[in-house]
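What the coordinates show
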Amino acid sequence: MTELDELRQELRGYPEPAQPVWKTGETPYSWSIFNGYTEPLRKDSPWGIDVETDLDDKKPNETRDHLVGIGIACGDYCVYGEVGDEAWMEFLREEMPKHSFYAHNSKYDLAVLLRYGLKPGPLAGDGMLAAYLFGEPMAGLKGLVGKKYGVRMETYEEVSGGKPISKAPIQDVGRYCCADAWWGKKVHADPRNNVLVK
C-alpha cells in the first residue's frame, strides 16, 4: 500500500461532523471584521484567502459574480473586510502581492480578485486540487473539512438565507468567509494532507 493509498483510507475513516462549530463558538482561530488593525496580517506568510460574492446567475461564475468581501487567514488570525471599505481595499492592494496564498478553488478566488484590481502573490496550494489528487470524489471544502477534521462548517445557503450574501449581516458573512479562508489554508497546508510535495 502506497502512502497515497494510506491517506485515502485514513480520510474515509473519519466520523461524520458533530455540532456545527459556529454555534458552539469554538474555533481554532480568532477572527474580526476589519477595523484598521493590520499588524498580524503583515507578519505571516502565506495567507489563506476566500472571496464572498453575489452570484450573477444561479451558479458561481468568476467572470461575472460581484465581489462583496474578502477574508484573509494568517496564522490563527483571520480578518474579513468588505469591498466598499476603501481602507481595507487599499491595504490589500499594498500587502496582498507580498504573500503567497492558499485557497480552496483558487481559480475562482484569483479570477475575482484580479477583476477587482487585487493581485496576490504566487499560489502556495489549493485544497480542492489536493483533494482531487488524493482521491476525494467530492472536493468541496465543507465536506472535506467535515470528513477530515470532524467539523461541520456553515454553508453559503445558511448564511445567505437564499438571498444575495450582501444582504446578510456583516458579522455572519465575516464569520463564514474567515472560516473558509482558514480551513482552505489548513486543508492544503496540513502536512498530513500534503501529498503533492512528497
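Being a predicted model, the structure only gives us computed values, none of them experimental.

1. Some thoughts on the packing of aromatic side chains
Summed over all chains, the structure comprises seven aromatic pairs. Relative to W88, the ring of F34 lies with its centre 4.9 Å away and its plane at 45 degrees, an arrangement referred to as tilted. With F34 in the loop between β1 (30-33) and α3 (39-43) and W88 in helix α4 (residues 86-95), this pair connects stretches of sequence that are 54 residues apart. For W88, a relative accessible area of 0% translates into the label buried. Considering the side-chain rings of Y149 and W183, the 5.2 Å spacing of their centres and the 45 degrees angle between planes classify their relative orientation as tilted. Here the residue Y149 occupies a position in helix α7 (residues 141-149), and W183 occupies one in helix α9 (residues 170-189), the gap between them amounting to 34 residues.

2. Details of the pattern of salt bridges
Should their charged atoms come close, side chains of opposite charge can pair. Evaluation of the coordinates by the stated rule reveals twelve salt bridges. E95 is the salt-bridge partner of R42, the closest N and O atoms lying 3.1 Å from each other. Of this pair, R42 sits in helix α3 while E95 is found in helix α4, placing the two residues 53 residues apart along the sequence. Given the relative accessible area of 32%, R42 is considered partly exposed. Relative accessible area serves as the criterion here: at 4%, E95 is assigned to the buried category. If you follow the salt bridges from partner to partner, you end up with R42, E94, E95 and K98 in one network.

Analysis parameters
- Residues numbered from 1 in each chain as written.
- Predicted model: local features only at pLDDT ≥ 70, side-chain atom pairs only at ≥ 80, totals over all residues.
- Heavy atoms only, no water.
- Phe/Tyr/Trp six-rings, centres within 6.5 Å; stacked < 30°, edge-to-face > 60°.
- Helix = DSSP H or I, 4+ residues; strand = E, 2+ residues; numbered from the N terminus.
- Buried < 20%, exposed > 50% of the residue type's maximum accessible area, 1.4 Å probe, protein only.
- Salt bridge = Lys/Arg side-chain N within 4 Å of Asp/Glu carboxyl O.

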